[in-house]
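Read off the chains here:
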Amino acid sequence: MMFPWKQLILLSFIGCLGGELLLQGPVFIREPSNSIFPVGSEDKKITLNCEARGSPSPHYRWKLNGSDIDMSMEHRYKLNGGNLVVINPNRNWDTGTYQCFATNSLGTIVSREAKLQFAYLENFKTKMRSTVSVREGQGVVLLCGPPPHSGELSYAWIFNEYPSFVEEDSRRFVSQETGHLYISKVEPSDVGNYTCVVTSMVTNARVLGSPTPLVLRSDGVMGEYEPKIEVQFPETLPAAKGSTVKLECFALGNKASLGSTHKRCGNSRGGQSLLGMQGEWQAQALLPMAEKWSSPSARASAPDFSKNPMKKLVQVQVGSLVSLDCKPKASPRAHSSWKKGDVSVQEHERISLLKDGGLKIANVTKADAGTYTCMAENQFGKANGTTHLVVTEPTRITLAPSNMDVSVGESVILPCQVQHDPLLDIIFTWYFNGALADFKKDGSHFEKVGGSSSGDLMIRNIQLKHSGKYVCMVQTGVDSVSSAADLIVRGSPGPPENVKVDEITDTTAQLSWKEGKDNHSPVTSYSIQARTPFSVGWQTVTTVPEVIDGKTHTATVVELNPWVEYEFRVVASNKIGGGEPSLPSEKVRTEEAVPEVPPSEVNGGGGSRSELVITWDPVPEELQNGEGFGYVVAFRPLGVTTWIQTVVTSPDTPRYVFRNESIVPYSPYEVKVGVYNNKGEGPFSPVTTVFSAEEEPTVAPSQVSANSLSSSEIEVSWNIIPWKLSNGHLLGYEVRYWNGGGKEESSSKVKVAGNETSARLRGLKSNLAYYTAVRAYNSAGAGPFSATVNVTTKKTPPSQPPGNVVWNATDTKVLLNWEQVKAMENESEVTGYKVFYRTSSQNNVQVLNTNKTSAELLLPIKEDYIIEVKATTDGGDGTSSEQIRIPRITSMDARGSTSAISNVHPMSSYMPIVLFLIVYALW
């Protein structure tokens, strides 16, 4: 019993009264046909046709290689009526045999099988081809060796350079079966480079091989030789009635003759057929069951599986439909029977023997697995072929991704865990919005996690762009399943759009805008920001209404400054947070108004005699409210009722000086400063009291004296000058000084406060006469100098240090002696000595003064002491002796001298301790 590929499984007609209703099972109008899809085509989909009529209207399903196609995979498949649309076809997944099933309440019909193949043409490998060397008159075949491809090809050869193609004639032939170039006998004009050109008849793609050099050998001309057939047509060739069959025939030989298209061809040395012709043969009949062939010769043969072997392994899923092919080469056609193992296969409700010799098994079970042998036989012999059938459990998703609702920045896992047959390897693939998820490009966000039976997808730090449909596809060698989930990512709103200023006054602006993207979370409120040339960035402004809800798209900004250029922008917020601000509005300037803000910090005083100085902080430009801005300065003596007014026209001016000889020094004035612009006058500042300029001092300090303190310092002293508060404030005194070799004009000066009566002049040269004078000063200026006094600085201290310091120590005291220091003529006389001493563990130095060259220190010698000696003079302390270290006493006594100490270093830091010392000097 043959399986009814196009047979109606159940068909019945039910007539209704009046013929108004006729029920009919499905009948095909169009069925799918074999298709070839060009790889790289701009068209990203292919349609397999299927259309049936019936009443009620049928619905459709499709199978690929015997397994149901999952139509929920919307990014891969969709039905257009009954037509199957394959989206973004892929030759690894979509190649195979398709069948359409049309079903209504009366039954199901199954279409014929339609194969979908993918046409592609890869490039030749780039390795160089070897030189072909032949004798003149010899035949040669140049091999093309096309690259990997699918789909029908056409071949041509380039001779030397493009576009010089080899033209076929009685000597040269290009096989469209193999692509090889045949030259029956080589002539000198054939020498050169030959390049095979392969063109896909489906995609029109063209690739070129590497050139093959053809050269002539130098060992003579080829003699006559028997023809050799190089291009043969098949022994049998089935063809439909009325179709055209093209047979290739070409021979190599150097004395060949060409026969007619219905005759054999030969040469002078053989009666063999020469394939130096191409002929077209018309098939005379449609040959049923391949019993009759339209070919030049028919040849009987026993069954042979070598040219069309059976598949070694077929994998199918439990419950599916499988067909096992058995198509050996045989003439006449062989009769087929089947065995599973050693048991003959008989037809029953699930198993059918097909007319073409194949075996079909419906609703496959695990028990159907095993080795199937097809035994083919005709009167000329027998042959066997085997196929191993593997039956696997269907793959199913045990934990599928579910719809999720998340916020920007969160991390989520979309689960995809499966149960599958252990015999099968599985591949997990994720699709995002119909495209293959790119784990390299989006690796910072996408990561596959889980074990061997898990394809969970983790999305880290999720962003708005990750919203959409996610599909997990699980593929095995026999089936594929998928599950989809929608992921909604909610974020803060996008920027509002089209912000406009609809109306402007001196202090308000009416705004409108349009809502931007809410990013899956409704806008709850808006805020408005403004920017001026005077503001630091954008500032939130006051609006009416004060709170702008998410459904409101207009508002009035208030409390603006007149005559200022503003830009506005709007920020939307939702429960996720505040979003990006809108683009700024166009710049607009508020209208002019009378100024409202007077200058601040109105003050004054100082200046020269007969002046009243008034100062203020200028009003900022953003508060001037219009063009023509200036100041009105008003003042009057304290107790006078009439104001004196003047106008200052520059808005940046910070002061005004009124000069008049009648102004009494340091007398109080009431002062206020107002503002105005082209719109009118604004307010005045509060009244404040400012004093007129003081009168500079008129007397010089008395009793000025100078005293030399050292070789580099002088102290100058004087008596305070008489001063009344009514004259203002005495700021202080200025001391000028210069040396005897200098001029008074180049003098230096030192200033001291008004209550000081002395000043120290430092950094002077030694043994040099200096002159000095003193004068008082206040804000109005300086008074006259005192009489000049002079003093000579002292000579410098001796440069010679105390020498030969000798010490003698017990556990309670130290005795010191040193040599006397003698001053040179230009040095100050020695008046005594200073002994500096401290313990090695502290930095607090003790000092002993003596006018002798010896000293006794009562010190407990329980740790090291550091000691040095300096001479003292009126000019200051002299050079220090070498630093000596007295070690703590470990025996009854010790002694030493500076000359006996070879390595003495000052201490860089010391731990502070408290010493109670009793010091006795030997006078």
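What about the sheet that holds strand S3 (residues 45-48)?
Working step 1: Sheet architecture is open: three strands sit in the order S3-S8-S7, paired in antiparallel fashion. At either end of the open sheet lies a strand with only one pairing partner, and these are S3 and strand S7 (77-80). In this sheet, adjacent strand axes meet at a mean angle of 25° when their direction is disregarded.
Working step 2: As paired elements, S3 and strand S8 (residues 83-87) share four bridges and run antiparallel to each other.

Here's the deal with the confidence of the model for the protein
Working step 1: With 86% of its residues at a pLDDT of at least 70, the protein reaches an overall mean of 85.
Working step 2: Contacts from residues 1-21, a stretch scored under 50 in pLDDT, to residues over four places away or in other chains number 42 contacts.

Let's talk about the environment of Phe 635
Working step 1: In this fold, Phe 635 is placed in strand S56 (residues 630-637).
Working step 2: When its relative accessible area of 1% is taken as the criterion, Phe 635 is described as buried.
Working step 3: Sequence separation of Phe 635 and Phe 658 is 23 residues, and the distance between their C-alpha atoms is 9.6 Å.
Working step 4: For Phe 635, the residues in contact, after removing those within four places along its chain, are Leu 612, Ile 614, Thr 642, Trp 643, Ile 644, Tyr 656, Phe 658, Tyr 669, Glu 670 and Val 671.

Description of the state of the cysteines
Here a disulfide denotes a covalent bond joining the sulfur atom of one cysteine to the sulfur atom of another.
Working step 1: Within this structure, the stated rule accounts for four disulfides.
Working step 2: Across a sulfur-sulfur distance of 1.8 Å, Cys 326 and Cys 374 are joined as a disulfide pair. With the S-S dihedral at roughly -75°, the linkage between Cys 326 and Cys 374 falls on the left-handed side. With Cys 326 in the loop between strand S26 (322-324) and strand S27 (329-331) and Cys 374 in strand S32 (residues 370-378), this pair connects stretches of sequence that are 48 residues apart.
Working step 3: Judged by relative accessible area, which is 1%, Cys 326 ranks as buried.
Working step 4: Between the sulfur atoms of Cys 416 and its disulfide mate Cys 472 the distance is 1.9 Å. Because the sign of the S-S torsion sets the handedness, a value of about -80° for the bond joining Cys 416 and Cys 472 places this disulfide among the left-handed ones.

Observations regarding empty space enclosed by the protein
Working step 1: Applying the stated criterion to the full structure yields two cavities of 30 Å³ or more.
Working step 2: Size it by volume and the second largest cavity reaches roughly 30 Å³.
Working step 3: Lining the second largest cavity are Ala 706, Ile 714, Val 716, Tyr 737, Leu 761, Tyr 770, Tyr 771, Thr 772 and Val 791.
Working step 4: At the level of elements, strand S63 (714-719) and strand S67 (769-778) are the ones that each hand at least two residues to the lining of the second largest cavity.
Working step 5: It is S67 that contributes the most residues to the lining of the second largest cavity, three residues altogether.

Some thoughts on the pairing of S8
Working step 1: Burial analysis of S8 places four of its five residues in the buried class, which makes it a mostly covered element.
Working step 2: In this structure, S7 lies alongside S8, joined through four bridges in antiparallel fashion. In the strand pairing of S8, Asn 80 is matched with Asn 83.
Working step 3: Where S7 folds back on S8, the antiparallel hairpin that results is connected by two residues, among which Gly 81 adopts a positive phi of roughly 70°.

Scoring rules and cut-offs
- All chains use their own residue numbering, which begins from 1 and follows the written sequence.
- Where local features are concerned, this predicted model is filtered to residues with pLDDT of at least 70; where side-chain atom pairs are given and counted, the filter is 80 or more; whole-chain, interface and lining totals use all residues.
- The side-chain figures draw on all heavy atoms in the structure; neither hydrogens nor water molecules are used.
- Only strands that DSSP links by at least two bridges are regarded as paired with each other.
- Helix and strand definitions here come from DSSP, where helices need a minimum of 4 consecutive H or I residues and strands a minimum of 2 consecutive E residues; each element is numbered from the N-terminal end.
- Every axis corresponds to a line fitted to the C-alpha atoms, with the helix fit spanning only the stretch in contact, and the corresponding angles, defined between N-to-C directions, vary from 0 to 180 degrees.
- The predictor attaches a confidence to each residue, called pLDDT, with possible values from 0 through 100.
- In this analysis, two residues are considered to be in contact whenever any of their non-hydrogen atoms come within 4.5 Å of each other.
- Exposure categories follow from relative accessible area, calculated using a 1.4 Å probe and restricted to protein chains: below 20% of the type maximum is buried, above 50% is exposed, and the middle band is partly exposed.
- By convention in this document, the label disulfide applies to cysteine sulfur atom pairs within 2.5 Å.
- Only protein atoms enter the 1 Å grid used here, on which a cavity is any set of points holding a 1.4 Å probe that cannot leave and a pocket is any open set flanked by protein within 12 Å on both sides along at least five of seven lines; residues with an atom within 4 Å of a point are listed as lining.
- Grid points are joined across faces, edges and corners, and a volume is the space filled by probe spheres set on the points.

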